[in-house]
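Descriptive analysis of the structure
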Amino acid sequence: MNIIFFGPPAAGKGTQAKIIQDKYGLQQISTGDMLREEAASGSTLGKKAQEIMDMGLLVSDEVIIEMIAKRIDSPDCAKGVIFDGFPRTLAQAQALDKMLAARGKAIDIIMELDVDQDKLVQRREKRQQEEGRSDDNADAFKKRLQQYNDYAAVVLPYYKNKGAVPKIDGNKNVEQVTDQIEVILRGKDSAPRAFCCGV
Ligand code: ADP
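Residues numbered from 1 in each chain as written. Predicted model: local features only at pLDDT ≥ 70, side-chain atom pairs only at ≥ 80, totals over all residues. Heavy atoms only, no water.

Observations regarding the nonpolar core
- One finds I4, F6, I29, F83, L96 and Y159 to be the most contacted residues of the largest nonpolar core, which totals 31 residues.
- Elements with a contribution of two residues or more to this core: β1 (3-6), α2 (31-40), α3 (44-54), α4 (61-71), β3 (81-84), α5 (90-102) and α7 (138-160).
- With 7 residues, α7 is the single largest residue contributor to this core.
- Setting aside anything within four residues of it in sequence, one finds L96 in contact with I4, F83, F86, P87, I107 and Y159.
- The next biggest cluster of nonpolar side chains, apart from the first, holds 20 residues, and it includes F5, A10, I82 and V115. (Core = buried A, V, L, I, M, F, W, Y, C linked by side-chain atoms within 4.5 Å. Buried < 20%, exposed > 50% of the residue type's maximum accessible area, 1.4 Å probe, protein only. Helix = DSSP H or I, 4+ residues; strand = E, 2+ residues; numbered from the N terminus. Contact = heavy atoms within 4.5 Å.)

Here it is as structure tokens:
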């Protein structure tokens, strides 16, 4: 099963992706984490990406798509992937569809984690204190929120055009959010069986 967790910065996508990864044997792919690893390696590409991240802007589609293309054929992705923070543009969404189709796969479900703006700001402050991410400063975060609103207005309709995009209330606590996600995953899992048996 291939899943997308879509939602604003600090919505809890990474937290939930890790829980679902461990419970279902799927592989989380976080483009943000991959970029931070690249930056930590000290490569030229990583340094460039860090500068862009610190401004709250998006890294180029070319870099992101190439990163994903290299990642999805790893053996740990065989059972399925949870995309976290990707796709963020129409070009990325279309490239992902193509890559998956070429492998006889598709996105099975995309969920939107919905969190109130004031909660996001609180979580941003907490995360900055705990993790010290340089792109979690108030200015960069504000920019990232703006960017999110812009790309969500393009990427969500792309997927809504193909099918339902269930909304998860991400304001709830971690366990309650996981419960909502699992209800959707169970529904998705049983749908083909119900169909095949003519129920
Ligand atoms: P958050 O979900 O809290 O915004 P991420 O770790 O997912 O944090 O992303 C951090 C930064 O990495 C983004 O602000 C952006 O600069 C860059 N980034 C991550 N994923 C993508 C992507 N798919 N396309 C472009 N830039 C990305």
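Focus on the site of the ligand
- Of all residues adjacent to the ligand, which total 20 residues, the nearest are T31, R36, L57, R88 and R144.
- Backbone polar atom of L57 to an oxygen atom of the ligand: 2.5 Å apart, as the coordinates give it.
- The contact in question runs from a nitrogen atom of the ligand to an N or O atom on the side chain of R88, over 2.8 Å.
- Relative to its unbound accessible area of 550 Å², the ligand is 97% covered by the protein chains.
- Top contributing element to the shell around the ligand by residue count: α2, with 4 residues. (Near = heavy atom within 4 Å. Polar contact = N/O pair within 3.5 Å; in protein donor to acceptor, adjacent residues only side chain to side chain. Areas by Shrake-Rupley, 256 points an atom, 1.4 Å probe, with all protein chains shown as cover.)

Regarding α2
- Of all the residues in α2, the buried ones are T31, G32, M34, L35 and A39. Taken around the axis of α2, the buried residues stretch over an arc of 165°, which confines them to a single face. Exposed and oriented more than 90 degrees from the buried face of α2 are E37 and A40.
- Elements that come into contact with the buried residues of α2 comprise β2 (27-30), α3, α4 and β3.
- Just beyond α2, the residue with positive phi is G42, at close to 80°. (Arc of directions from axis to C-beta.)

Brief notes about the pairing of β1
- Taking every second residue as pointing to the same face, both faces of β1 are buried, with I3 and F5 on one and I4 and F6 on the other.
- In this structure, β1 lies alongside β3, joined through 3 bridges in parallel fashion. Looking across to β3, one finds that I3 is bridged to I82. (Pairing = 2+ DSSP bridges.)

Some details on the packing of aromatic side chains
- Considering all chains together, one arrives at 5 aromatic pairs under this definition.
- With a centroid separation of 5.7 Å and an interplanar angle of 50°, the aromatic rings of F83 and F86 are classed as tilted.
- On the accessibility criterion, F83 (0% relative accessible area) is buried.
- You can call F86 buried: its relative accessible area is 1%.
- One aromatic cluster is present, built from ring pairs that chain together F6, Y148 and Y151. (Phe/Tyr/Trp six-rings, centres within 6.5 Å; stacked < 30°, edge-to-face > 60°.)

Description of the pattern of salt bridges
- Under the defined criterion, the tally for this structure stands at 13 salt bridges.
- When the shortest N-O distance is used, the salt bridge between K162 and D97 registers 3.0 Å. Highlighted residues: K162 in the loop between α7 and β5 (167-169) and D97 in helix α5, separated in sequence by 65 residues.
- Across the pair K126 and E130 runs a salt bridge, and its minimum N-O distance is 3.4 Å. Of this pair, K126 and E130 are both found in helix α6 (residues 117-131), 4 residues apart, which corresponds to roughly one turn of the helix. Like E130, K126 is exposed. (Salt bridge = Lys/Arg side-chain N within 4 Å of Asp/Glu carboxyl O.)

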